[in-house]
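Observations on chain architecture
Residue-level listing of the chains:
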Amino acid sequence: MLNFLFFGAPVGLYVVLVALPRGRPALKGAIFIATGLVLLWLGLSFGAISPELETVGFVGLLALSAAWFIASTLQVLRIRLPDTAPGWIWPLCAILTFCVVTLVAMRFFGL
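Below: a short report on this structure.

What counts, and where the lines are drawn
Residues numbered from 1 in each chain as written. Predicted model: local features only at pLDDT ≥ 70, side-chain atom pairs only at ≥ 80, totals over all residues. Heavy atoms only, no water. Helix = DSSP H or I, 4+ residues; strand = E, 2+ residues; numbered from the N terminus. Buried < 20%, exposed > 50% of the residue type's maximum accessible area, 1.4 Å probe, protein only. Contact = heavy atoms within 4.5 Å. Areas by Shrake-Rupley, 256 points an atom, 1.4 Å probe, with all protein chains shown as cover. Salt bridge = Lys/Arg side-chain N within 4 Å of Asp/Glu carboxyl O. Disulfide = S-S within 2.5 Å. Core = buried A, V, L, I, M, F, W, Y, C linked by side-chain atoms within 4.5 Å. Expected span 1.5 Å × (residues − 1).

As a further point, take the overall build of the protein. A tally of regular secondary structure across the protein gives four helices and zero strands. The order of helices and strands in the protein, counted from the N terminus, is α-α-α-α. The C-alpha extent of the protein, read off along each of the three principal axes, is 50 × 30 × 15 Å. A total of 111 residues make up the protein; the buried ones form 29% of that total. The long-range fraction of contacts in the protein, counting pairs at least 24 apart against all pairs at least 6 apart in sequence, stands at 70%. With an accessible surface of roughly 7600 Å², the protein has 78% of that area assigned to carbon and sulfur atoms.

Right, dumping it as structure tokens:
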């Protein structure tokens, strides 16, 4: 369960946000997910999560928030890509970003 919370949920969130179509749908999806994350952070800060899971919840929400930030930033940068850019540029950017973040997490957290 903890492996899913620390790795699976952020990866799933990243993939969902990166796979959204370019433009307004991606921004709407990012805002919708940001609203959910804010509610989860408020629940954590006001004690809606049990004290035993508080540290786990904090690290899990931190990972989800980082995945949201990276994927949303990539979507905003995707809008700036010219229409003449080859189709393989966007998947390459998304995969390279994922690899870099994964390698940094493995180095610092020993995953």
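A few words now on the environment of Gly57. On the secondary structure map, Gly57 appears in helix H3 (residues 54–79). Sequence separation between Gly57 and Ala19 is 38 residues, and the spatial gap between their C-alpha atoms is 26 Å.

Enumeration according to the criterion identifies one salt bridge in this entry. Of the charged contacts, one joins Arg22 and Asp83 as a salt bridge, the two residues approaching to 3.5 Å between their closest N and O atoms. Placement of Arg22 in the loop between helix H1 (2–19) and helix H2 (24–45) and of Asp83 in the loop between H3 and helix H4 (89–109) is noted, with a sequence separation of 61 residues between them.

The next thing to look at is the state of the cysteines. According to the stated counting rule, one finds zero disulfides in the structure shown. Cys93 takes part in no disulfide bond, and the closest cysteine sulfur, belonging to Cys99, lies 12 Å away. Classification of Cys93 as partly exposed rests on a relative accessible area of 30%. Judged by its relative accessible area of 36%, Cys99 is partly exposed.

The next point concerns the nonpolar core. The biggest cluster of nonpolar side chains holds 16 residues, and the ones touching the most others in it are Leu13, Tyr14, Leu17, Val18 and Leu64. At the level of secondary structure, the elements contributing two or more residues to this core comprise H1, H2, H3 and H4. Apart from residues no more than four positions distant in its own chain, Leu13 is found in contact with Ile33, Leu64, Ala67 and Trp68.

Moving on to H2. Counted at 1.5 Å a residue, the expected span for H2 with its 22 residues is 32 Å, and the 31 Å between its end C-alpha atoms agrees. Residues of H2 that are buried include every one of Ala26, Gly29, Ala30, Ile33, Ala34, Leu37, Gly43 and Leu44, and no others. Positioned one or two residues after H2, Gly47 has a phi angle of 80°, which is positive.

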